[in-house]
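The residues making up each chain are set out below.
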Amino acid sequence: MIIVDRALKAREEQGKPVRVGMIGAGFMGQGLTNQIVNSVPGMRMAAVYNRKPERALGVYRYAGCEDVAAVGTQQQLDERLARGLPTVAEDAFTICRSPHVDVVVDVTGSVEFGARVILEAFRHGKSVVLMNAEVDATIGPILRVYGKKYGQVLSACDGDEPGVQMNLVRWVQGLGLIPRVIGNVKGLQDPYRNPTTQKGWAERWGQNAAMVTSFADGSKISFEQTIVANATGFKVQSRGMSRGRKYDGSIMNIAELYDIEEARALGGIVDYTVGPALIKVFVLAEHPDPKQRHYLNLYKMGEGPLYPFWTPYHLVHFEAPFAIARVVLLGDDVAPSLGGPVVEVCAVAKRDLKAGEVLDEYGMYMTYGEAVNADEMSSKRYLPEGLVEGCRLRRNIGKDQVLTYADVELPKGRVADELRAEQYRHFRGDTWLEEHLAQERREVA
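Throughout what follows, the structure given in this document is the object of discussion. (Residues numbered from 1 in each chain as written. Predicted model: local features only at pLDDT ≥ 70, side-chain atom pairs only at ≥ 80, totals over all residues. Heavy atoms only, no water.)

### Brief notes about the sheet that holds strand S1 (residues 18–23)
Step number 1: Reading across from one edge, S3-S4-S2-S1-S5-S6-S7 is the order of the seven strands in this open sheet, with parallel pairing throughout. The two strands at the open ends of the sheet, each matched to only one other strand, are strand S3 (69–71) and strand S7 (154–155).
Step number 2: Here three bridges tie S3 to strand S4 (residues 87–89), and the two strands are oriented parallel to one another. Along S4, the bridge assignment pairs Val71 with Ala89.
Step number 3: Strands S1, strand S2 (43–49) and strand S5 (103–106) of the sheet are contacted by helix H2 (residues 27–39), whose axis makes an angle of about 150 degrees with S2.
Step number 4: Sitting on the sheet, helix H3 (residues 53–62) is in contact with S2, S3 and S4, with an inclination near 160 degrees to S2. (Pairing = 2+ DSSP bridges. Helix = DSSP H or I, 4+ residues; strand = E, 2+ residues; numbered from the N terminus. Contact = heavy atoms within 4.5 Å. Axes fitted to C-alpha atoms, helices over the stretch in contact; angles between N-to-C directions.)

Written out as structure tokens, the structure is:
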């Protein structure tokens, strides 16, 4: 932020604001639009898409914008954007193709649609910032391969938990310490929550009940920690991490939950806890230099060997413009995957499921997601939580059982399935998913 604030101010003074195209106009999209319009010099919310155009029009009006209109063609969009007029696009891909948009922000939470948007943006010379942890955790590594092919960046977002954690990791590393545990803190964990149980809370805050459910049932935090794992090489101790163990103690003593030798052996651990209060993310790190350990003790960081560092908040849409600026002005990916997936998110039955049922999407009534190391995910051929929607069950599945590809018939023609198969082959040399998809195509034929 210390760098990008001045860079954005310079863009404002030059009359060359960063022109943002946003895909998705939900609760976070509304907040981001208001932030960019009213609080971020050197940046403009050029165009917005939502499945319901009236919702996209609403986020502009929420931000106080006037002379907003919805358009259906590329020419209409480009003409308005050339005049600097805030515009709602009825076709998301026109935003990706417009020469008057510098960067695309995906706020949808959709893996399949998100993949299509990202690839179209890359093809038209645009980097993408993700407020869509689901697509990043499911196929982010292979999408970054495509981004490099087109000379573009695919980045996680400041303010979102992966971005907050990676900023803290980079800061701690800059101090000369070695991170060993990267933790995310929740206020609630119950894998059986659903949109009915979360309806009241969602309505209170004007949020989508399914999205709120994904927070409560552990799916969202599993996607988030997967992104962090893939950016650091850290692993989970076991499937589901610690499943949100309760911790009411001081952040100064949270290292007592972890064994440093296990953390070292795994290369580092990603996890999440319920509590402590007033903490959002934390990093536990060691210092190899005994002289510096003496200083850390003097500075009231304790005697180690794991020293706690933390951030008490994540301000999501307030901070998101920093990521947009980092990507456009500096080419900086907030949480770049080191290579292929280290951790993934598998689908687990939220209730007893019956053969013939069609799975709903994450954050609904039928499944929840758990983070699992990629070796186990591939060897046991688990079904990813990000791609459950539309899968038809071939057999009965018991509550809390992990779903596999053999358990379902996949929806036809999904780009995300092909990308995930390519991801396994490209990074791991695993071809079983490509073979599985080919077999399903033969069965249809």
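Structure's up, so let's keep going.
### Observations concerning a nonpolar patch on the surface
Step number 1: Taken together, the side chains of Phe27, Trp201 and Trp205 make up a nonpolar region of the molecular surface, amounting to roughly 320 Å² of accessible area.
Step number 2: Following the sequence through the fold, Trp201 ends up in helix H9 (residues 199–205). (Patch = residues over 30% accessible without salt bridge, like charges linked within 9 Å, V, L, I, M, F, W, Y side chains within 5 Å. Areas by Shrake-Rupley, 256 points an atom, 1.4 Å probe, with all protein chains shown as cover. Salt bridge = Lys/Arg side-chain N within 4 Å of Asp/Glu carboxyl O.)

### Regarding the pairing of strand S6 (residues 127–130)
Step number 1: Burial of S6 is two-sided: the residues Ser127 and Val129 facing one way and the residues Val128 and Leu130 facing the other way are all buried.
Step number 2: For S5 and S6, the ladder comprises four bridges, and the chain directions are parallel. Directly across from Val104, in S6, lies its bridge partner Val128.
Step number 3: Crossover S5 to S6 through helix H6 (residues 112–123) is right-handed.
Step number 4: One ladder, built from two bridges, connects S6 with S7; its direction is parallel. Opposite Val128, over in S7, you have Leu154 as the bridge partner.
Step number 5: Between the parallel elements S6 and S7, the chain passes through helix H7 (residues 133–149) in a crossover that is right-handed. (Buried < 20%, exposed > 50% of the residue type's maximum accessible area, 1.4 Å probe, protein only. Right-handed = clockwise from strand over helix to strand, strands pointing away.)

### Side note on the environment of Lys300
Step number 1: When you line up the elements, Lys300 lands in the loop between helix H13 (290–298) and strand S12 (307–311).
Step number 2: The class for Lys300 is exposed, based on a relative accessible area of 71%.
Step number 3: For the pair Lys300 and Tyr368, spaced 68 residues apart in sequence, the C-alpha to C-alpha distance is 40 Å.

### Comments concerning the environment of Pro86
Step number 1: Mapping Pro86 onto the fold places it in the loop between helix H4 (74–82) and S4.
Step number 2: Classification of Pro86 as buried rests on a relative accessible area of 14%.
Step number 3: Sequence separation of Pro86 and Val68 is 18 residues, and the distance between their C-alpha atoms is 5.4 Å.

### Here we look at the sheet that holds S12
Step number 1: One open sheet accounts for five strands, arranged S9-S10-S8-S11-S12; its pairing is mixed. The open sheet is flanked by strand S9 (245–246) and S12, the only strands paired with a single partner.
Step number 2: The strands that helix H11 (residues 219–232) touches are strand S8 (178–186) and strand S10 (269–274); relative to S8, the one it contacts most, it runs at about 165 degrees.

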